[in-house]
Amino acid sequence: MKTAVCYYSRHHGNTRKVLEAMAGEGGMDLIDVTARQAVRLEGYDCVGFASGIYGFEFHKAVAAFARQYLPQGKPVFFVYTYGGIRGSGARAVEEIAKEKGCPVLGTFSCKGYDTFGPFRLVGGIAKGRPNKRDLDMARTFYQELQRRIHP
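If you're wondering where the values come from, they're calculated on a predicted model, not measured in any experiment.

Novice: Any chance you could explain the pairing of strand β1 (residues 3-8) here in plain terms?
Specialist: Consecutive residues of a regular strand have side chains that alternate between opposite faces of the sheet. Within β1, 6 of the 6 residues are buried, which leaves it mostly tucked inside the rest of the structure. Of the two faces of β1, the one lined by T3, V5 and Y7 and the one lined by A4, C6 and Y8 are each fully buried. Examined bridge by bridge, β1 and strand β2 (residues 28-32) share 5 bridges and lie parallel to one another. Opposite Y7, over in β2, you have D32 as the bridge partner. When β1 meets strand β3 (residues 46-54), the two strands line up parallel, connected through 6 bridges. Directly across from Y8, in β3, lies its bridge partner S51.

Laid out in structure tokens, this is it:
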């Protein structure tokens, strides 16, 4: 299965860690949505969108990227990390996928170390996350996606 995952991961790189674990299963290209590049997603079997949760939702750069580059009808999935609460999660990109007639294959999320805003005062929350268990679950999620696309 040839997969592209379009992502934004800055704060502590939590989302990138999860994606690297998934990419270890093979067949995945990681595309940083902040890199100034023209992207062609038509040649992929499916496309993932990934972000940490910023202000209770995916980073706006990921939604803008999905709106610009996601092909009509392309199967999609979502990955995100969060410190305290999930917020609305992938809702913004889910709506874009729906508008473009893209079937949603699933969503993976887990906690990630967070020192944003007031959390910095207490040394952060979700320390040590994503951990080995989170990364193992991410790998399993991606393996299951691969089996669903190419049984």
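Novice: Before we go on, may I ask you to explain the packing of helix α2 (residues 60-69) against helix α3 (residues 91-99) in this structure?
Specialist: Packed helix pairs are characterised by how far apart their axes lie and by the angle those axes make with each other. In contact at an axis separation of 9 Å, α2 and α3 are set at 5° when each is read in the N-to-C sense. In terms of orientation, α2 and α3 fall into the roughly parallel class. Counted together, V62, A63, A66 and R67 of α2 and A92, V93, I96 and E99 of α3 form the full contact between these two elements. Considering only residue class, the contact of α2 with α3 consists of 6 nonpolar, no polar and 2 charged.

Novice: Honestly, α2 in this entry has me stumped. Any pointers?
Specialist: Helical geometry: 3.6 residues make up each α-helical turn, so side chains three or four residues apart lie on a common side. Looking only at α2, the buried set comprises V62, A63, F65, A66 and Y69. Projected onto a plane normal to the axis of α2, the buried residues spread over an arc of 160° and lie on a single side. Facing away from the buried side of α2 by more than 90 degrees, the exposed set consists of K60 and Q68.

Conventions used here
- Residues numbered from 1 in each chain as written.
- Predicted model: local features only at pLDDT ≥ 70, side-chain atom pairs only at ≥ 80, totals over all residues.
- Heavy atoms only, no water.
- Buried < 20%, exposed > 50% of the residue type's maximum accessible area, 1.4 Å probe, protein only.
- Helix = DSSP H or I, 4+ residues; strand = E, 2+ residues; numbered from the N terminus.
- Pairing = 2+ DSSP bridges.
- Axes fitted to C-alpha atoms, helices over the stretch in contact; angles between N-to-C directions.
- Parallel < 35°, antiparallel > 145°, perpendicular 65-115°, else oblique.
- Contact = heavy atoms within 4.5 Å.
- Nonpolar A, V, L, I, M, F, W, Y, C, P; charged D, E, K, R; others polar.
- Arc of directions from axis to C-beta.

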